[in-house]
Amino acid sequence: MGLSIDREKFSQADYVLFAERLHESLVVLRDLLNRPGFGDGPTTLGAEMELSIVDREGCAYPINRSVLAGNLDPSFQLELDRFNLEYNTSPVPLAGTPFSRMESELTQALETLNLLAGARGGRMVPIGILPTLMEEDLQPAALTDLPRYRALSAALRELRDRPFQVRINGLDPLDVTCDDVTLEGANTSFQVHLRVHPPEFASLYNAAQLVSPIVVAVSANSPLFLGHRLWDETRVALFKQSVDSRPPREGDWHLPGRVSYGLGWVRQGAYELFAEAVGLFPPLLPVSSEQYPLERHQQGELPSLDELRLHQGTVWRWNRPVYDPKNGGHLRIEFRSLPSGPTPLDMVANTAFLVGMVQGLSLQMDDLLPSFPFEYAHHNFYRGAQFGLDAVLLWPSTRYPSPREIPVCDLALEMLPVAERGLTQLGVDAREINRMMEVIQTRIERRCTGARWQRRMLDHLEKRCPRRQAVVAMLDRYLEESNRGSPVGEWTV
């Protein structure tokens, strides 16, 4: 998020200065992105794995500070709610065997965290939404006690000026309110960072917007929330509503949400998205650095653009542009739609499928977009999240008629060779590609995502015990399977 946050209250002068810095940063960023050679470097991949902590009974266990007490590795971080943690992987070059390397690192991180949590009676769960959560687990006291989270919560509450309302349909429709943003802490994701060259950003980003609905559908892993059977990837609906800062005024013109799939295709490059975030969304955390970005840039130095990075961290697009001043300055695309879990192998296979399709389709985007309005991509994303493997998506064609409707499983199988081609172009080892695509293909052919397995297991267990007991027993079985490491497509009920 750029700057560290060490306070919770801000003056009008703070907001004025921060706004000035944002506009200065946009001037600098536009110049940097137009500079030949800026952001050149190897294509690399990194990720953030978010996790939940449960006790021996499977209940949310708010001990994240205790688990990390004395651990000096900065790769481990506290998350929004006290039963959440995050692990940040090391960036790896995409050439060679990046996914195996990432899988090994994730496995080691989970082992480390399970040892630390186990000493305190806890267990780590890689899953999209912890199915055993109850409303009392998500009250304001659940917020991790850090100035950053307290300030963010206060800013969102002030903008909304009333409780956060979450309504999600499904087999057991949900309608719940909360006075704080702690409902958002129920979501645990696997966020992927892909370094990209600025001239290629628009085509790669648009390709990500096109294919993310497919990957969301075939990787879904959050079908339960507060005991309710909802979407296959309920996390998508929950995140959008749990931090919605818009005041619900009757008859008001439609304001864009801070959580969104985007407002249109990118026409030229990353600058459009940064400028859009500054122009549309008021600052939440107006913390300014000592650095004047325009002055530093004019002196020939590389500015960190702290304010712009901080602001971007409070605008939650499902695919988000990232400016990073490290390594001479570069751009990344952050893919935010993948869920955590069920296993490290599942998470890296999802990543390989996504990155491969993005690369494999990027050169075709100029031909596909004229016959595919952005609203269709938006439609696809929420249909993929809601219906998972049963989703029917719209897909573009370079010839009339476009779009056409395709069941997502058929579409995903069609896209496997595209992903393989893209990964080959990026220099990924052939055996690595085959292993990752086999995980995805098996999952599709057996119709078994994390979401589908959880539902089937719950149905099986509910024949013998009430819903709450069945959910706890299902989570125990989920952890047994996850700890074995076999991909979810091979799990049975």
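Look a little higher up for the structure.
All of these numbers come straight from a predicted model, not from anything done at the bench.

Q: With reference to specific residues and values, describe the overall build of the chain.
A: For the chain, the helix and strand inventory stands at 16 helices and 16 strands. Relative to the globule expectation of 23 Å for 493 residues, the C-alpha radius of gyration of the chain, 22 Å, shows essentially globular dimensions. Considered along the principal axes of its C-alpha atoms, the chain spans approximately 70 × 55 × 50 Å. Each of the 493 residues in the chain was classed as buried or not, and the buried ones make up 59%. Of the contacts formed within the chain by residues at least 6 apart in sequence, a portion of 77% connects residues at least 24 apart. With an accessible surface of roughly 19800 Å², the chain has 48% of that area assigned to carbon and sulfur atoms. Side chains of the chain give 50 positive and 63 negative charges; the mean places of these two sets differ by 2 Å.

Q: Lay out the pattern of salt bridges in plain terms, naming residues and giving numbers.
A: Oppositely charged side chains may form a pair once their charged atoms are brought near each other. Inspection of the entire model under this criterion finds 27 salt bridges. Here Asp172 ties to Arg229 by a salt bridge, and the two come within 2.8 Å at their closest N and O atoms. Of this pair, Asp172 sits in the loop between β6 (164-168) and β7 (174-178) while Arg229 sits in strand β10 (residues 228-229), and the two are 57 residues apart along the sequence. For Asp172, a relative accessible area of 18% gives the class buried. The partner of Glu481 in a salt bridge is Arg477, with the nearest N and O atoms 3.3 Å apart.

Q: An account of the packing of aromatic side chains is requested, with residue identities and associated values reported.
A: Describing an aromatic ring pair means giving the distance of the ring centres and the angle of the ring planes. Counted under the stated rule, the structure contains 15 aromatic pairs. Residues Phe10 and Tyr15 carry aromatic rings whose centres are separated by 6.5 Å and whose planes lie at 80° to one another, so their mutual orientation is edge-to-face. Judged by relative accessible area, which is 18%, Phe10 ranks as buried. With centroids separated by 5.4 Å and ring planes inclined at 80°, the aromatic side chains of Tyr478 and Trp491 adopt a geometry described as edge-to-face. Taken as a pair, Tyr478 in helix α16 (residues 467-484) and Trp491 in the segment after α16 lie far apart in primary sequence, 13 residues in all. Considered together, Tyr478 and Trp491 belong to a single accessibility category, that of buried residues. One aromatic cluster is present, built from ring pairs that chain together Phe239, Tyr261, Trp265, Trp316, Trp318, Phe374, Phe381 and Tyr382. Sitting over the ring of Tyr292, Arg21 keeps its end group 4.4 Å from the ring centre. Stacked on the ring of Tyr271, the Lys or Arg Arg30 has its end atom at 4.1 Å from the ring centre.

Q: Account for the environment of Gly388, naming residues and giving values.
A: Note that Gly388 resides in the loop between α12 (374-387) and β15 (392-395). Separated by 361 residues in the primary sequence, Gly388 and Val27 place their C-alpha atoms 42 Å from one another. The residues touching Gly388, leaving out its near neighbours within four places in the chain, are Ala217, Asp232, Arg383, Val408 and Arg452.

Q: Give a description of the packing of helix α3 (residues 98-118) against helix α10 (residues 344-362) that names residues and reports values.
A: Running from N to C, α3 and α10 cross one another at 145°; their axes reach a closest spacing of 9 Å. Judged by the sense of rotation from one axis to the other, the crossing of α3 with α10 is right-handed. In this structure, α3 contributes Phe99, Met102, Glu103, Leu106, Thr107 and Leu110 to the contact, and α10 contributes Pro344, Leu345, Val348, Thr351 and Ala352. Residues that form the contact of α3 with α10 fall into these classes: eight nonpolar, two polar and one charged.

Q: Lay out the side chain of Ser242 with the relevant residues and their values.
A: Mapped onto the elements, Ser242 comes out in helix α6 (residues 234-242). By relative accessible area, which is 0% here, Ser242 ends up buried. Within the structure, Ser242 has its side chain in polar contact with the backbone oxygen of Phe239 (distance 3.4 Å). In this view, Ser242 contacts Phe164, Val166, Val181, Leu183, Glu184 and Asn187; residues no more than four positions away in its chain are not counted.

Q: Give me the lowdown on the nonpolar core, citing residues and values where you can.
A: Counting residues in hydrophobic clusters, the biggest one holds 162 residues, and the most contacted among them are Ile214, Phe225 and Phe353. Top contributing element to this core by residue count: helix α5 (residues 201-219), with 13 residues. Leaving out residues up to four positions away in the same chain, Phe353 has contacts with Ile214, Val215, Val218, Ala412, Met415, Leu416, Ala419, Met437 and Ile440.

Q: Can you lay out empty space enclosed by the protein for me, pointing to particular residues and giving the numbers?
A: Taken as a whole and judged by the stated rule, the model has one cavity of 30 Å³ or more. A volume near 40 Å³ is recorded for the largest cavity. By residue class, the composition of the lining of the largest cavity is four nonpolar, two polar and one charged.

The rules we used
Residues numbered from 1 in each chain as written. Predicted model: local features only at pLDDT ≥ 70, side-chain atom pairs only at ≥ 80, totals over all residues. Heavy atoms only, no water. Helix = DSSP H or I, 4+ residues; strand = E, 2+ residues; numbered from the N terminus. Rg over C-alpha atoms; globule rule 2.2 N^0.38 Å. Buried < 20%, exposed > 50% of the residue type's maximum accessible area, 1.4 Å probe, protein only. Contact = heavy atoms within 4.5 Å. Areas by Shrake-Rupley, 256 points an atom, 1.4 Å probe, with all protein chains shown as cover. Lys, Arg positive; Asp, Glu negative; His and termini not counted. Charge placed at Lys NZ, Arg CZ, Asp CG, Glu CD. Salt bridge = Lys/Arg side-chain N within 4 Å of Asp/Glu carboxyl O. Phe/Tyr/Trp six-rings, centres within 6.5 Å; stacked < 30°, edge-to-face > 60°. Lys NZ or Arg CZ within 6 Å of the ring centre and 35° of its normal. Axes fitted to C-alpha atoms, helices over the stretch in contact; angles between N-to-C directions. Left-handed = near helix turned anticlockwise from the far one by under 90°. Nonpolar A, V, L, I, M, F, W, Y, C, P; charged D, E, K, R; others polar. Polar contact = N/O pair within 3.5 Å; in protein donor to acceptor, adjacent residues only side chain to side chain. Core = buried A, V, L, I, M, F, W, Y, C linked by side-chain atoms within 4.5 Å. 1 Å grid on protein atoms, 1.4 Å probe; cavity = no way out; pocket = protein on both sides within 12 Å on 5 of 7 lines; lining within 4 Å. Points joined across faces, edges and corners; volume = space filled by probe spheres on them.

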